[in-house]
Amino acid sequence: MQPYDHSKIEPKWQKKWEKAQAGKAKTPSQKKNGGDEQKKFFGLIEFPFPSGDGLHVGHIRSNTAMDIIARKRRREGYNVLYPIGWDAFGLPTENYAIKTGLHPTVVTKRNTDNFRRQLKSLGFSFDWSREVDTSDPKYYRWTQWIFLQLLKKGLAYKQKMFINWCPKDLIGLANEEVIDGKCERCGTAVEKREKEQWMLAITKYADRLDRDLDDVNFLEKIKIQQRNWIGKSEGAEITFKITAGDKKSDSNVSTAESVTVFTTRPDTLFGVTYIVLAPENKLVASLLSHTKNADEIKKYIAEAKIKSEIQRTDAGAEKTGVELRGITATNPANGEQVPVWIADYVLADYGTGAVMAVPAHDSRDFAFAKKYRLPIRQVIAPYFENTTDLIPKKDLPISKRAIVHAIVKHPSQDKYLFISWKDHAWNSLITGGIENNETLAEAGKREILEETGYKNARFIDTSGSSWEIHSYFYAEHKNENRYMVARGAFFQLENEECVEITEDEKKKHDIVWLDAIKARDFLTHINQKYIWDIIQKESAYEGDGKLINSGKFTGRSSQEILKEITEFAGGKWVEKFKLRDWIFSRQRYWGEPIPVIHCEKCGTVPVPEKNLPVKLPKVKNYKPTENGESPLAAITKWVNVKCPTCRGKARRETDTMPNWAGSSWYYLRYADPKNKKAIASPEALKYWTPVDWYNGGMEHTTLHLLYSRFWHKFLFDIGVVPTKEPYVKRTSHGLILAAGGEKMSKSKGNVINPDATVTTVGADSLRLYEMFMGPFDQHIAWDENGIVGTRRFIERVWRLQEKLATATIIATDTTAAGTKDTLIHKTIKKVSEDIEEMRFNTAISTMMIAVNELEKETAVSISHYENLLKLLAPFAPHVTEEIWQTTLKHKTSIHDEAWPSYDPTKIADTISTIIVQVNGKMRASFETSATATENEIQEQALKLPETIKWIGEKPVKKIIVVKGKVVNIVV
RNA sequence: GCCGGGGUGGCGAAAUUGGCAGACGCACUUGCCUUAGGAGCAAGCGGAGUAAUCCUUGGAGGUUCAAGUCCUCUCCCCGGCACCA
C-alpha cells in the first residue's frame, strides 16, 4: 500500500471532477419529460468579494459547510444547485486601482482568477458553469434594470438631505454603514453633509419585512436582529393645537398651527408638562414669527446643525434645549396649556419629529425637566401602591415555611439591605424584628439574623450600621400557587396566620395578593428596580400601573386604556419604524452607473431599457473628488448626452450604486445566468427559487440580508419572481479569528494563507479541521496545531485499507460485521443528523470514534469501511474518492453513491449499562439485558458488593430505578 | 441602558435534553519500536491525597432520589442596537 500522499491525490481528482462537471446542476427541462420534476435543492453561500488578499480561511469554513450539505443532498436524490460568483464592485478594488494605476477590470480579473484557483484547490462542488460577476456589464445591465423598475414605481427618488460623509473615503454612507458614528471601512469619524442623493424607499416595505419573518426559517437571533433594526413600534399620534400670545393685547389667540406627536404611552397623556420639537422640525420655521425669542431659537438650531452625529446621539450627553417663548400647546385631554421647546434630544426623522414630554414617566424627559426646572407630574402609580382593597383575610393559610424576602432600609443613609429566609419566617419577622424592637442590629453581622432564626440572610450592601426593616416584603406560599407582596409596614400575625387588619392600618399598608408565578418577577424587577427608584425619588417610573390625576381615566389600568385615551384625545393609533430609507448613491467610480439622465427640460429621465447597460466609461483618474462628485462627472464625453425624450441637452447621472446593489439579487441570476432577455427565465426562477438554505455571516443581517429581502419583495410585487421571500432558511457561521483571538487582518500580519496549508497537509485535512475546530456558529481562534489531528485521522482512515487484506475479506466479513454493525449504524445516524444541524464537529468526532473502534479489529468488513467512506466523503472528498475507486475498484464516483441509511433495529442496544448510585453518587455499574424489568435491575443492583459496601448498616429509604440507565438507592 | 449569545481540564470542546461530567482532538508524561523522529504502537492525563476517599461545570441560593442541564439572584466575556418617545 502506498502511503497517503495528498499532493498526488487531490489534483488528480480535481481534474477528473472538472472534466466530468461534477457539481453541475441539471437544468429542469432535462428531467421534465420523465414525468415529475426532480426535487431540487438550492444551497447558497455569500459570494466572495475578490480581494487582492486571496481566499480567507473563513471562506473555507462556510463554503465547506454548504459543500457538505450540497453533497449530501445530491446523494439523497436532489438536483442540487450550489453556485459561485463574484461580488466584484467595491471600494478596495478601486483604491487598489488608484494606487497602482491598473484598471479595476484588470485587477478584478486577476483577483477572481486567483480566487477561482484557490476554491478549486479545495475541491468544492460548485457549479462552475454558472459563475456570475456583478461588475460584468451583462450582469449589471439587470441591476440597472431593477433600479429602473424601482424608479418607475416611485421607490427610487432623489432627495436633498444630510448624509453621512466619510472625509477619508470621500463617500456618502448608508446609515447601516456607519458604526458608532464612524465609517464602517476606515473608522474615520463621519461628518454630515447636505447633498442630493438617490434613495430607495425600503421603509415602504418595513412592515412586510418585519411581518414575513414569521414565515421563514431563519435562526432566531437573525430574526431578532432584523426586527430590532426595523424597529416596529405601535403608538398614538396626538395633535396639540398651538396658541400664541397676541403681541398687542397680551392675550392668547389660537393659531392655525398644531403639533402632532408620536407616543407609545398615550396613557401618560395627563402627565404632559411640555412639548418638544426637534430643531430640524419644519414646524419650527412657521412658529418662529409667533415667538418672542426668535434669535435665541435660530442660534440653537444653527448650533445643533454643527454638532456631529456622535455628539447628537450620545445618550449620556447632557440635554440642551430652548423654549419657544410666547407660544403654548393645548393638551387635548385636559385643555391645559403647556410650553413648547426645541431640543436636539428629539430626533427629527423618527415618529413626527416631536414628542409630548412626560417627565414623571420617561427618563429622558425627566432629565430635561430637572435641568430646566419644568414641572413633573405623576400620573401612573404602580399597581400595589393604592390597593388597600386587597388585604389578606384571616383564613388564609400562610404556611410557616413561607419564603419571605424583604428590603431593609438604613434609617439615615441611602442604603438598603435585602434579606430572604425561610422557616418560621412570618413569626420570626414579627417577633424578631419588631416586637423585640430589634433593628436587625448592625449591618454586616449576619450572625444576628441567624441567632434570631433568620436563615439565608444576605446583604446587598454590608457597609454602614444600624439597619431597620423598612417595609417591602414578599411571601411565597409553600403549598399553594399564591404569593404575597406587602408594602408600608407589617401586619399582625398570630399563630402563623394572618389577622385582619383594621381600617386605620389599611391606610398604612399596601398589600396585594398575586395568584401567579409572576410574583417572583415582581420581587426581582419591581421590588428591586421600582422600589429602589421610588424610595429615592430620583428617576422616572417607566412601568405600568394605575392611572392617577388623569380625569375620567383615573383608577384604570395603564395597559388597557391605551387606545381609549388616544381616541378621547382625538388621536389615531399608528405604527412607526426605526428603519430609514436606503441612501443609494455613491460618488465613486467602481460601481454600477445609475441609469438616469438629467434633462434641462424634462427633468430626470430614465435611460430607456433597450439602452441598458449604461457601461462604465474608461477614465484616467478614478480618484474621488473633494467636492463630493463622482469621478465620472469629469468625463464630459460620457456625461453630455441627448435627452431620450426630447433629444435636447442633457447630462448623465454620475453617481454610482453602492456595492450592495449587485448582491441584492445575485442568487436569482444563478438560476439562469446567461439569459439576455431577463434577469432569469420565469421557468428557471420557478424551479430554483427560493433559495433553500443560505449560510452567511451575522454581519450581513441588517445590510445585505435585509436589502436583498427588500428587492426580492419588490420583484415579487411586479411579477418577476414567484415567491415573496428569497430564502427559506438562513444560518450563520462564526468568524475564524487569528491565533490570539484577534481578527485576522493584513495590517496585523496574522492572516493564514490557505494555499500553504493545502500544500503541506492537503485540502481534505484543512476542510476537516475547519469543520472540527469548534461549533460552526461560534467564533473560533485558528490553531495551527489542530490540523495535525485531522491529518492523522485521514491517515488512519487510509491505513485501514491494510485491514482489508484481500484473502481474508470474504472469510472475516460476516463475523466482523456482526460485532461492529451497531457501531456503524449508530455512526450513520449520528453523522446524518449532525450534518442537518450543522454540528460538523460532533459528526467528525463520531467518525473518529468509529475509526478507533475499527482499528481494533484484525480484519475490517468491507461494507463497514465503505459506509464509513461514504459518510466521510462530503467532508474529505479527495481521499475517499481515491480509496473508493483505486483500492475498492469501484467504477463510479463515491460522490454519486446513495447516502447511507441506518437500520433502526441494529441501533437498539441489547445490553445496557446500569449506573448504581447511593444517595445520588455513582458507586458501581453493571451490565444487563436491555429488556430487564425494573425489579430485575433493582435486584441485581442490590447484590453488587460495592452497593452492599456503600449501603452498610444504614436503612434503605427509597430506591429509584430508571430502566436502562440508573438505580439510585437512598439510605 | 436595551436585545441576543456565552462562561465546563493546560487548550479547542462533548454531554442522548434531568441520570457515569470532561467523549473526540491538541498539548503533555512514560514505555515499546527505530540509525533517527515533528512517524507509528501501547499506557496515562480535571484538582487534592501514598491510599481509602474527597473536591470540581464563573459565584450564591433553591427545586429534585438525582442538576453542567430546571428556578431565583449575582459577577464576568463577546456580538448587535442605543436620546427610536
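What you are looking at is a predicted structure, and each value in this text was computed from that prediction instead of being measured.

Undergrad: I'm lost on the protein's contact with RNA strand B in this one. Help?
TA: Lining the immediate surroundings of RNA strand B are 58 residues, of which T264, K319, R364, M773 and N968 lie closest. Close to the protein, within 4 Å, the atoms of RNA strand B belong to sugar or phosphate groups at a rate of 66%. A distance of 2.8 Å separates a base nitrogen of RNA strand B from a polar backbone atom of L347. In the model, a phosphate oxygen of RNA strand B is placed 3.3 Å from a nitrogen or oxygen of the K958 side chain. If one sorts the elements of the surface near RNA strand B by residue count, helix α26 (residues 840-855) sits on top with 6 residues. When the residues that make up the surface near RNA strand B are grouped by side-chain class, the tally is 23 nonpolar, 17 polar and 18 charged.

Undergrad: Can you walk me through the sheet that holds strand β28 (residues 596-599) in this structure?
TA: Strand pairing in a sheet takes place through backbone hydrogen bonds and is either antiparallel or parallel in direction. An order of β29-β28-β31-β30 is seen for the 4 strands of this open sheet, with the pairing classed as antiparallel. On the outer flanks of this sheet lie β29 (603-606) and β30 (640-642), each paired with one strand and no other. Sheet twist, expressed as the average angle between the axes of neighbouring strands with direction ignored, equals 40 degrees. Where β28 lies against β29, 4 bridges are found, and the strand directions are antiparallel. Looking at the pairing, H598 lines up with T604 of β29.

Undergrad: Help me understand helix α21 (residues 704-717), please; the structure alone is not making it clear to me.
TA: For an α-helix the count is 3.6 residues per turn, leaving residues at separations of three or four pointing the same way. Between its first and last C-alpha atoms α21 spans 20 Å; for 14 residues at 1.5 Å apiece the expected length is 20 Å, and the two agree. The complete set of buried residues in α21 reads H704, L705, L706, Y707, S708, R709, F710, W711, H712, K713, F714 and L715. Looking at the residues trailing α21, positive phi occurs at G719, about 80 degrees.

Undergrad: Quick question: what am I supposed to make of the side chain of R588 here?
TA: On the secondary structure map, R588 appears in the loop between β27 (582-583) and β28. Residues in contact with R588, not counting those within four places in the same chain, are L91, E94, N95, I98, D169, L170, I171, P624, S630, P631 and T656.

Undergrad: Sorry, what's going on with the packing of helix α6 (residues 137-152) against α21 here?
TA: Helix packing geometry: the angle between the two helix axes and the distance between the axes. Contact geometry for α6 and α21: axes closest at 11 Å, N-to-C directions at 65 degrees. In this view, α6 runs roughly perpendicular relative to α21, as classed from their interaxial angle. As α6 packs across α21, the resulting crossing turns out to be left-handed. Residue-level inspection shows T143, W145, I146, Q149 and L150 of α6 in contact with α21, the latter providing F710, W711, F714 and L715. Looking at the contact of α6 with α21, its residues break down into 7 nonpolar, 2 polar and no charged.

Undergrad: I keep staring at the packing of aromatic side chains and nothing clicks. Help me out?
TA: Geometrically, a pair of aromatic rings is defined through the distance of the ring centres and the angle of the planes. Applying the stated rule across the entire model yields 36 aromatic pairs. Considering the side-chain rings of Y139 and W665, the 4.4 Å spacing of their centres and the 20 degrees angle between planes classify their relative orientation as stacked. Note that Y139 is positioned in helix α6 and W665 in the loop between β31 (649-652) and α19 (666-670), a separation of 526 residues in sequence. Here W665 falls in the buried class, since its relative accessible area comes to 0%. Through successive ring pairs, a cluster of aromatic residues spans F147, W198, Y205, W582, F584, W660, Y707, F710 and W711. The aromatic ring of Y694 is capped on one face by R730, whose charged end is 4.6 Å from the ring centroid. A cation over a ring is seen here: R923 above W950, with NZ or CZ 3.4 Å from the ring centre.

Undergrad: It is not clear to me how the side chain of H704 should be interpreted in this structure. Could you clarify?
TA: Tracing the backbone through its elements, the reader meets H704 in helix α21. A polar atom in the side chain of H704 sits 3.4 Å from the backbone oxygen of S663. The contact partners of H704, leaving out residues within four places of it in the chain, are E46, W660, S663, Y666, Y694 and Y727.

Undergrad: Whenever I open this one, the pattern of salt bridges confuses me. Can you help?
TA: In a structure, side chains of opposite charge can pair up when their charged atoms sit close to one another. Applying the stated criterion to the full structure yields 50 salt bridges. For E303, the salt bridge identified is with K299, shortest N-O distance 3.9 Å. One end of the pair, E303, and the other, K299, are both in helix α10 (residues 294-306), 4 residues apart, so they sit about a helical turn from each other. What makes K299 exposed here is its relative accessible area of 55%. Linking D362 and R364 is a salt bridge whose minimum nitrogen-to-oxygen distance equals 2.6 Å. On the accessibility criterion, D362 (14% relative accessible area) is buried. On the basis of relative accessible area, R364 is assigned to the partly exposed category, the value being 48%.

Undergrad: Explain the pairing of strand β33 (residues 729-733) here, please?
TA: Two faces belong to every sheet, and in a regular strand the side chains alternate between them. The buried count for β33 comes to 5 of 5 residues, which makes it a mostly enclosed element. Burial of β33 is two-sided: the residues K729, T731 and H733 facing one way and the residues R730 and S732 facing the other way are all buried. Two elements, strand β10 (residues 217-218) and β33, share 2 bridges in a ladder whose sense is parallel. Looking at the pairing, F218 lines up with R730 of β33. Of the strand pairs in this sheet, strand β32 (residues 693-697) and β33 are connected by 4 bridges, and their pairing is parallel. Within the sheet, the bridge partner assigned to N695 lies in β33 and is T731. Each parallel crossover has a hand, and the one from β32 via α21 to β33 is right-handed.

Undergrad: Looking at this structure, I do not really get a nonpolar patch on the surface. What am I missing?
TA: Taken together, the side chains of Y96, L102 and V106 define a hydrophobic patch exposed on the protein surface, amounting to about 220 Å² of accessible area. By relative accessible area, Y96 is classed as partly exposed at 31%.

Undergrad: Would you mind going over the sheet that holds β32 with me for this structure?
TA: Here 5 strands make up an open sheet; going across it, the order is β2-β1-β32-β33-β10 and the pairing parallel. Unpaired on one side and paired on the other, β2 (79-81) and β10 mark the two borders of the sheet. Across the sheet, helix α3 (residues 57-75) touches β1 (40-45), β2, β32 and β33, and the angle it forms with β1 is around 175 degrees. Packing of helix α8 (residues 220-230) onto the sheet brings it into contact with β10 and β33, and relative to β33 it is tilted by some 100 degrees.

Undergrad: Looking at this structure, how should I read the nonpolar core?
TA: Buried together is how nonpolar side chains tend to be arranged in soluble globular proteins. F147, W582 and W711 are the most contacted members of the largest nonpolar core, which totals 84 residues. In this view, W582 contacts A174, W198, M199, L200, I202, P658, W660, S664, Y707, F710 and W711; residues no more than four positions away in its chain are not counted. Core analysis: the next-biggest nonpolar cluster, separate from the first, contains 75 residues, Y4, L55, L122 and I736 among them.

Undergrad: Would you take a moment to explain the confidence of the model for chain A for this structure?
TA: One rule of thumb: low pLDDT means the predicted coordinates there are not for detailed reading. Scored by pLDDT, chain A comes out at a mean of 80, with 79% of its residues at no less than 70. Scored below 50 in pLDDT, residues 384-537 shows 289 contacts in the model against residues more than four places distant or in partner chains. Counting interchain partners and residues more than four positions distant, the pLDDT-below-50 stretch residues 806-817 has 13 contacts.

Undergrad: So what exactly am I meant to see when it comes to the packing of helix α24 (residues 786-799) against helix α28 (residues 877-887) here?
TA: Contact pair α24 / α28: the axes reach a minimum separation of 11 Å and the direction vectors enclose 5 degrees. By the angle class used here, α24 and α28 are roughly parallel. Contact with α24, carried on its side by I794, V797 and W798, involves V879, E882 and I883 of α28 and no other residues of that element. Partitioned by chemical class, the residues of the contact of α24 with α28 number 5 nonpolar, no polar and 1 charged.

Each value, and the rule that gives it
Residues numbered from 1 in each chain as written. Chains lettered and ligands numbered in written order. Predicted model: local features only at pLDDT ≥ 70, side-chain atom pairs only at ≥ 80, totals over all residues. Heavy atoms only, no water. Near = heavy atom within 4 Å. Polar contact = N/O pair within 3.5 Å; in protein donor to acceptor, adjacent residues only side chain to side chain. Helix = DSSP H or I, 4+ residues; strand = E, 2+ residues; numbered from the N terminus. Nonpolar A, V, L, I, M, F, W, Y, C, P; charged D, E, K, R; others polar. Pairing = 2+ DSSP bridges. Axes fitted to C-alpha atoms, helices over the stretch in contact; angles between N-to-C directions. Expected span 1.5 Å × (residues − 1). Buried < 20%, exposed > 50% of the residue type's maximum accessible area, 1.4 Å probe, protein only. Contact = heavy atoms within 4.5 Å. Parallel < 35°, antiparallel > 145°, perpendicular 65-115°, else oblique. Left-handed = near helix turned anticlockwise from the far one by under 90°. Phe/Tyr/Trp six-rings, centres within 6.5 Å; stacked < 30°, edge-to-face > 60°. Lys NZ or Arg CZ within 6 Å of the ring centre and 35° of its normal. Salt bridge = Lys/Arg side-chain N within 4 Å of Asp/Glu carboxyl O. Right-handed = clockwise from strand over helix to strand, strands pointing away. Patch = residues over 30% accessible without salt bridge, like charges linked within 9 Å, V, L, I, M, F, W, Y side chains within 5 Å. Areas by Shrake-Rupley, 256 points an atom, 1.4 Å probe, with all protein chains shown as cover. Core = buried A, V, L, I, M, F, W, Y, C linked by side-chain atoms within 4.5 Å. pLDDT = per-residue confidence, 0-100.

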